[in-house]
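Understanding the architecture of this molecule
Each chain, written out:
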Amino acid sequence: MTAPRMRDAPLRRDTGPPAVASARGQLNGALTGATVALILLIYHDTLLSMVGIWARSQTFAHGFVIFPISLWLIWSQRTVLLAIPQTASVSALVALALAGALWLLATLANVQVLAQYALVAMIPASVCAILGTRLAGAIAFPLGYLLLAVPSGEILIAPLIDFTARFTVAALQLVGVPVYRDNNVFSIPSGNWSVVEACSGLRYLIASFTLGTLYAYRTYRTLARRMLFVAVALLLPVLANGVRAFLIVLIGHWSEMRIATGIDHLVYGWAFFGAVLLLLFWLGQRWRELPEPARCEQVVRASPASIPAIGSGRASAFACVLIALLWPALAARARVSSAPGTSAAPIAIHLNGISANWRSVDTPDYPWLRRHRHAHASVIGSYARAASVITVQIAHYRQQQRDAELLDWENGLDVHLAPHASAGPSTTRTITLGPTSLSVRQTVLPDVAGNVLVWVWFRQSGVDTSSALRVKLLLASSKLLGYPDDGVEMCVATPIDEQPEHAAVVLSEFLAANYAAILRGVHDVSND
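To start, this report covers the structure provided alongside it.

Definitions and cut-offs
- All residue numbers refer to position in the chain's written sequence, counted from 1.
- Where local features are concerned, this predicted model is filtered to residues with pLDDT of at least 70; where side-chain atom pairs are given and counted, the filter is 80 or more; whole-chain, interface and lining totals use all residues.
- Based on all heavy atoms of the structure, the side-chain values leave hydrogens and waters out of the count.
- Fitting a line to C-alpha atoms yields each axis, with helices limited to the stretch in contact; the angle taken between N-to-C directions then spans 0 to 180 degrees.
- In this description a helix means any DSSP run of H or I spanning at least four residues, a strand means any run of E spanning at least two, and both kinds are numbered starting from the N terminus.
- Angle categories are assigned with fixed cut-offs, so that under 35 degrees is roughly parallel, over 145 is roughly antiparallel, 65 to 115 is roughly perpendicular, and the rest are oblique.
- Here a residue-residue contact requires only that any non-hydrogen atoms of the pair lie within 4.5 Å.
- Residues are grouped as follows: nonpolar covers Ala, Val, Leu, Ile, Met, Phe, Trp, Tyr, Cys and Pro; charged covers Asp, Glu, Lys and Arg; every other residue, Gly included, is treated as polar.
- As used here, the term nonpolar core means buried Ala, Val, Leu, Ile, Met, Phe, Trp, Tyr and Cys residues forming a set that is joined through side-chain atoms within 4.5 Å.
- Burial classes: relative accessible area under 20% of the type maximum marks a residue as buried, over 50% as exposed, and values in between as partly exposed (1.4 Å probe, protein chains only).
- Strands qualify as paired when DSSP identifies two bridges or more between them.
- A helix's residues, less one, multiplied by 1.5 Å, set its expected span.
- Definition used for salt bridges: Asp or Glu carboxyl oxygen within 4 Å of a side-chain nitrogen of Lys or Arg.

**Things to note about the packing of helix 2 (residues 44–56) against helix 3 (residues 63–75)**
Following both chains from N to C, one finds helix 2 and helix 3 inclined at 120°, their axes separated by 8 Å at the closest point. In terms of orientation, helix 2 lies oblique with respect to helix 3. Contact with helix 2, carried on its side by Val51, Trp54 and Ala55, involves Gly63, Phe64 and Phe67 of helix 3 and no other residues of that element. Residue composition of the contact of helix 2 with helix 3, grouped by class: five nonpolar, one polar and no charged.

**As for the nonpolar core**
If you look at the biggest cluster of nonpolar residues, it comprises 75 residues, and the most contacted ones within it are Tyr43, Trp103, Met122, Leu172, Phe186 and Ile188. The element best represented in this core is helix 6 (residues 112–131), accounting for twelve residues. Core analysis: the second largest hydrophobic core is formed by 31 residues, Ala377, Val392, Leu453 and Phe510 among them.

**Topic: the sheet that holds strand 2 (residues 185–188)**
Backbone hydrogen bonds hold the strands of a sheet together, and the pairing may be parallel or antiparallel. Strand order in the open sheet formed by three strands is 1-2-3, with antiparallel pairing between adjacent strands. Only two strands of the sheet have a single neighbouring strand rather than two, namely strand 1 (180–182) and strand 3 (191–194). Pairwise comparison of adjacent strand axes, ignoring direction, gives a mean angle of 20° for this sheet. As defined by bridge partners, strand 2 adjoins strand 3 across four bridges and the pair is classed as antiparallel. Opposite Val185, over in strand 3, you have Ser194 as the bridge partner.

**A look at helix 10 (residues 202–219)**
A rise of 1.5 Å per residue sets the reference length of helix 10, with its 18 residues, at 26 Å; its end C-alpha atoms lie 25 Å apart and thus fit the reference within 8%. Of all 18 residues that make up helix 10, 13 are buried, and the element is covered over most of its length.

**Things to note about the pairing of strand 2**
Judged from the three bridges that link them, strand 1 and strand 2 form a sheet pairing that is antiparallel. Bridging from a neighbouring strand, Tyr180 pairs with Ser187 of strand 2. As consecutive antiparallel partners, strand 1 and strand 2 are separated by two residues, and within that stretch Asn183 has a phi angle of approximately 60°, a positive value.

**Points about the pairing of strand 3**
Going residue by residue along strand 3, you find Gly191 and Trp193 tucked away on one face and Asn192 and Ser194 left uncovered on the opposite face. From the end of strand 2 to the start of strand 3, which pair antiparallel, there are two residues.

**Section: the pattern of salt bridges**
Once the charged atoms of two side chains with opposite charge are near each other, the side chains can pair. Under the criterion given, the structure shown has eight salt bridges. In this structure, Glu509 and Arg385 form a salt bridge, with 2.5 Å as the shortest nitrogen-oxygen distance. Taken as a pair, Glu509 in helix 16 (residues 500–526) and Arg385 in strand 6 (residues 377–385) lie far apart in primary sequence, 124 residues in all. On the basis of relative accessible area, Arg385 is assigned to the partly exposed category, the value being 29%. When the shortest N-O distance is used, the salt bridge between Glu501 and Arg429 registers 2.7 Å. With Glu501 in helix 16 and Arg429 in strand 8 (residues 427–433), the pair connects residues that are 72 residues apart, well separated along the chain. Judged by relative accessible area, Glu501 falls into the partly exposed class, the value being 48%. Connected through salt bridges with shared partners, the residues Asp162, Arg166 and Arg181 form a single ionic network.

It is worth stressing that arrangement in space is one thing and function is another; only the former is reported here.
Shown next as structure tokens:
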């Protein structure tokens, strides 16, 4: 006998909890992507400022690939991510609001890089608000990796230049080449060299850190190994750049300045750096850790199965968009109350009431004098007393906007110096003016006839300070509250003779006798 033949059961689509969870997870994922895209559209000016820097600067061209890499890292884990419980997070909405407030302050203070960081920080905050902290934690690295898209790091140029110059000089002395160093300029018997911005090694450092963090994330599993590799990826390019600079100078010296003195030394530099990176990754591969369940898989195992709530995701996405819209609206309101009021030619600041002990003299054409862009008012004057001569330079800005503001990168003290000249280190100094004190930034600058001592300080919203950070905070608060945002940069300078401290005494005596007259001239311009 044969058993009766059973009819094949019809195939049915699984509509149980796992299938429902996956479908709703996909919808919440699409909702999150749409929300992030809308936030980037709302803040398109800030996003375009980042893209513009990527396009024109080779140092930050890596920004073009950061977002695609982050998306790829998330997409490669999509199957497991859909199984992670999704619960909207109210605390993430608070973080989103804080990032928006930071963007507002940075925008009003014209601190572009801080506004860019705030915008990028809104992305993980939005993801966490809609999908929950568990899922956001599972993709913490791809979300954090987005911060590398912000073009920043110029603050490291000066210390990198100083290290490279010191390393090169020390290495040359070690091999017996006589060398004389003056800041970032040094001379050897075969010629003169200078460590400029392109030789600082910032490009190498950023490239190494960007690749090193990604390599550490994909290669290692324990936090200790990842942090160790990233630390090496940060320190190695700095040391390698010093070696690169030393070898280039040595090659130029041995070839009697016929090799490695032009564009070819940049080519040698990139080839050397490429070899260093390959060596770093080859060594890192030797300590590669065997794959283990990814972080998101661990989250799934530790979490009970649940079905994502579409309603809560929609409510969180709606709240994210509302919060994102608030800050540009406040910024637009502040801009309307402080519309640009710059003139084509700045008006003159009249310094009436200068002490009779200081007579007015013609101002030489100093190479270090600042060239202030779009200042509302300005003055440059020189005064003499006996053998002492001081120069006063003041620039006044009203209704400050980008490219027409008190703190601008083109207003640096050494912007107009000769190619092989460099400013000395800047220090903060407090001077006494009767019952009050004044904090100034002190710098020694080269001049045709010798060095000059320069004091610079700012007066923002009626407050004297030498701190750029305080200037920005005062500017942002004035714009936000609708107060006048007048900013003034004041600069006094005098030649340094055989007794360097005598120059500081001369400047102190001039300000003690004439600072009140200077403030009256600034006040008159502010009230015009």
